[in-house]
Amino acid sequence: LEEEVGRKHIITYEEYIGKFQKMIRSLGLNNSMQREYVLKVLFDSEEHLSAEEVLQRVKEQYRVKIGVATVYRILNLLEDMQVVNALSLKGMDSMMYELNLSQHHDHMVCKSCGAIAEFHNKQIEQLQEKVAAKEGFTMTGHTMVLYGICPKCRKEGE
Ligand SMILES: [Zn+2]
Ligand SMILES: [Zn+2]
């Protein structure tokens, strides 16, 4: 019952940035190019990125001077806006970031190489709702991370 979680977006970047700019205006903030560079890097990325990796890609792609503190400030704002998901993963020094664009999914992390896989399981999702309701909770979200050894590292260990 595992469903494929694709990282292909059903929205173009132009549509996406249009929506984002509307959100920014509704918050009374000004547009910022640096913020849009960070968004584009995350939009184009196939994988989850640390703030350092976001910084490197912004520098490489846009040839701008930007510091890691600025990247963190932008990522924190995007997280508050629920535009970005920040994942805190065991065994990793930094948070990993992804755009909150694709369908909800959870993560599996390889303790050996740090590979991050995504999964979505309807039964697990429904069970969580049930468990929360049983305790009188209205569920507003959850974080589920499975840790283990990925297929590639398992092969190498054989
Ligand atoms: Zn691995
Ligand atoms: Zn993910």
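Calculation criteria
- Residues numbered from 1 in each chain as written.
- Chains lettered and ligands numbered in written order.
- Predicted model: local features only at pLDDT ≥ 70, side-chain atom pairs only at ≥ 80, totals over all residues.
- Heavy atoms only, no water.
- pLDDT = per-residue confidence, 0-100.
- Helix = DSSP H or I, 4+ residues; strand = E, 2+ residues; numbered from the N terminus.
- Donors = N, O, S within 2.8 Å, 3.2 Å for Na, K, Ca; no water.
- Tetrahedral: all angles 85-135°; square planar, octahedral: opposite > 155°, others 65-115°.
- Buried < 20%, exposed > 50% of the residue type's maximum accessible area, 1.4 Å probe, protein only.
- Core = buried A, V, L, I, M, F, W, Y, C linked by side-chain atoms within 4.5 Å.
- Contact = heavy atoms within 4.5 Å.

> What should I look at first to understand the confidence of the model for the protein chain in this one?
Note: predicted coordinates in regions of low pLDDT should not be interpreted at a detailed level. Predicted confidence across the protein chain gives a mean pLDDT of 91, with 95% of residues reaching 70 or more. Per-element mean pLDDT across the protein chain ranges from 91 in helix H6 (residues 151–157) up to 97 in helix H3 (residues 51–62).

> Any chance you could explain the coordination of the zinc ion (ligand 1) here in plain terms?
Each pair of donors in an ideal octahedron of six around a metal sits at 90 or 180 degrees, and each pair in an ideal tetrahedron of four sits at 109.5 degrees. Donor atoms from the polypeptide that bind the zinc ion (ligand 1) are Cys110 (SG), Cys113 (SG), Cys150 (SG) and Cys153 (SG), placed at 2.3 Å. Coordination at the zinc ion (ligand 1) is tetrahedral: its four donor atoms span angles of 106 to 114° at the metal. Spacing between the donor residues of the zinc ion (ligand 1) along their common chain follows C-x2-C-x36-C-x2-C. Of the two residues, cysteine 113 is situated in the loop between strand S3 (106–110) and strand S4 (116–119) and cysteine 153 in helix H6; the sequence distance between them amounts to 40 residues. A residue is classified by how much of its surface remains accessible, and cysteine 113, at 44% relative accessible area, is partly exposed. Exposure remark for cysteine 153: the relative accessible area of 12% places this residue in the buried category.

> Looking at this structure, how should I read the coordination of the zinc ion (ligand 2)?
Looking at the zinc ion (ligand 2), one finds its protein donor set to be His48 (NE2), Glu98 (OE), His105 (NE2), His107 (NE2) and Glu118 (OE), positioned 2.0 to 2.2 Å from the metal centre. Sequence spacing of the donor residues for the zinc ion (ligand 2), all on one chain, is H-x49-E-x6-H-x1-H-x10-E. Pair check on accessibility: glutamate 98 and histidine 107 agree, each one buried.

> Mind showing me how you'd approach the nonpolar core here?
Note on soluble globular proteins: their nonpolar side chains tend to be buried together. Counting residues in hydrophobic clusters, the biggest one holds 27 residues, and the most contacted among them are Leu39, Leu42, Leu78 and Val83. For this core, the elements supplying multiple residues, two or more each, are helix H1 (13–26), helix H2 (33–44), H3, helix H4 (68–80) and strand S2 (96–99). In terms of residues, this core owes the most to one element, H2, which gives six residues. When near neighbours in sequence (up to four residues on either side) are disregarded, leucine 42 contacts Leu49, Val54, Leu75, Val84, Tyr97, Glu98 and Leu99. Of all hydrophobic cores here, the second largest spans five residues; its members include Leu87, Met96, Val109 and Val145.

> In this structure, what is going on with the environment of methionine 81? I would like to understand it.
In this fold, methionine 81 is placed in the loop between H4 and strand S1 (84–87). The class of methionine 81 is buried, set by a relative accessible area of 11%. Sequence spacing of methionine 81 and isoleucine 24 is 57 residues, and the spatial spacing of their C-alpha atoms is 9.1 Å. In this view, methionine 81 contacts Phe20, Met23, Ile24 and Leu27; residues no more than four positions away in its chain are not counted.

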